[in-house]
Amino acid sequence: MREEKNSLGAIRIADDVVRIIAGLAATEVSGVVSMSGGVVGGITEKLGRKNLSKGVKVEVGEKEAAVDLFIVVEYGSRIPEVAAKIQDAVKSAIEKMTGLVVVEVNVNVQGVAFANELNEEENNNRVK
């Protein structure tokens with residue numbers, strides 16, 4: 001947890017907040033289908049709870065942060081370009097919103113989703 005003190009008191013930013021900012025910034029990048037949260041993330045989603053920090057690990061110090069992201073990309077996307085855009089978006093969002101200096105953003109591509117898988121997932125989400 002990051003803490004900053006001023007004349008009025010203390011400001012604390014939880015690590016979960018940094019994870020959520022990173023996850024949201026990453027999923028807004030074109031070519032990113034989803035974040036990969038592993039077995040626990042899948043169970044959480046099946047129970048009807050959306051985990052906004054799924055697939056994100058952060059290390060937050062007093063003034064710096066490092067981020068690891070685990071993503072699934074859309075088939076046909078240029079992975080190096082998508083990853084570079086994610087790095088820029090996540091770094092910018094965290095620094096702008098928290099004042100932390102982001103020293104690294106590591107992007108780990110865990111899978112590729114094909115168009116028919118995306119359509120099936122959208123149809124399943126509409127039925128619920």
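Residues numbered from 1 in each chain as written. Predicted model: local features only at pLDDT ≥ 70, side-chain atom pairs only at ≥ 80, totals over all residues. Heavy atoms only, no water.

Caption draft 1: How the structure looks around the overall build of the protein chain. Along the protein chain, the regular secondary structure elements total 4 helices and 6 strands. Shown N-terminal to C-terminal, the secondary structure of the protein chain runs as helices and strands in the order β-β-α-β-α-β-β-α-β-α. When burial is assessed residue by residue, the protein chain has 30% of its 128 residues classed as buried. For the protein chain, contacts bridging at least 24 residues in sequence account for 67% of all contacts bridging at least 6. (Helix = DSSP H or I, 4+ residues; strand = E, 2+ residues; numbered from the N terminus. Buried < 20%, exposed > 50% of the residue type's maximum accessible area, 1.4 Å probe, protein only. Contact = heavy atoms within 4.5 Å.)

Caption draft 2: Structural context of the confidence of the model for the protein chain. Confidence along the protein chain averages 83 in pLDDT terms, with 78% of residues attaining 70 or more. Confidence scores differ between elements of the protein chain, with helix α2 (residues 38–46) showing the lowest mean pLDDT of 44 and helix α3 (residues 79–98) the highest of 97. (pLDDT = per-residue confidence, 0-100.)

Caption draft 3: Structural view of helix α1 (residues 15–27). For α1, built from 13 residues, the straight-helix expectation of 18 Å at 1.5 Å per residue is met to within 8% by its first-to-last C-alpha distance of 19 Å. Those residues of α1 that are buried are in contact with β2 (9–13), β3 (32–35), β4 (56–60), β5 (64–74) and α3. (Expected span 1.5 Å × (residues − 1).)

Caption draft 4: Here's a closer look at the nonpolar core. The biggest cluster of nonpolar side chains holds 25 residues, and the ones touching the most others in it are Val 67, Leu 69, Ile 86, Val 90 and Ile 94. Taken together, the elements giving at least two residues each to this core come down to α1, β3, β4, β5, α3 and β6 (101–113). Setting aside residues no more than four positions away along its own chain, Leu 69 makes contact with Ala 22, Ala 26, Met 35, Gly 55, Val 56, Ile 86, Val 90, Val 105, Asn 106, Val 107 and Asn 108. (Core = buried A, V, L, I, M, F, W, Y, C linked by side-chain atoms within 4.5 Å.)

Caption draft 5: Structural detail: the pattern of salt bridges. What the rule picks out here adds up to 3 salt bridges. Where Asp 16 meets Arg 19, a salt bridge forms, and the shortest distance between an N and an O atom there is 2.2 Å. Of this pair, Asp 16 and Arg 19 are both found in helix α1, 3 residues apart, which corresponds to roughly one turn of the helix. Among the residues examined, Asp 16 registers a relative accessible area of 42% and is labelled partly exposed. Residues Glu 81 and Arg 78 are paired through a salt bridge, measuring 2.8 Å at the closest nitrogen-oxygen approach. Judged by its relative accessible area of 55%, Arg 78 is exposed. (Salt bridge = Lys/Arg side-chain N within 4 Å of Asp/Glu carboxyl O.)

Caption draft 6: Representation of a nonpolar patch on the surface. Nonpolar side chains collect at one region of the surface, where Tyr 75, Ile 79, Val 109, Val 112 and Phe 114 lie side by side and expose about 430 Å² of accessible area between them. Counting through the fold element by element, Phe 114 comes out in the loop between β6 and α4 (115–127). (Patch = residues over 30% accessible without salt bridge, like charges linked within 9 Å, V, L, I, M, F, W, Y side chains within 5 Å. Areas by Shrake-Rupley, 256 points an atom, 1.4 Å probe, with all protein chains shown as cover.)

Caption draft 7: Geometry of the environment of Asp 15. Within the fold, Asp 15 resides in helix α1. Considered as a pair, Asp 15 and Lys 57 are 42 residues apart in the sequence and their alpha carbons are 9.3 Å apart.

Caption draft 8: Molecular detail of the packing of α1 against α3. Across the interface, α1 lies against α3 with an axial gap of 8 Å and an inter-helix angle of 140 degrees. Judged on the interaxial angle alone, α3 and α1 are oblique. Relative to α3, α1 is oriented so that their crossing is right-handed. Contacts between α1 and α3 involve Val 18, Ile 21, Ala 22, Ala 25 and Ala 26 from the first element and Ile 86, Ala 89, Val 90, Ala 93, Ile 94, Met 97 and Thr 98 from the second. (Axes fitted to C-alpha atoms, helices over the stretch in contact; angles between N-to-C directions. Parallel < 35°, antiparallel > 145°, perpendicular 65-115°, else oblique. Left-handed = near helix turned anticlockwise from the far one by under 90°.)

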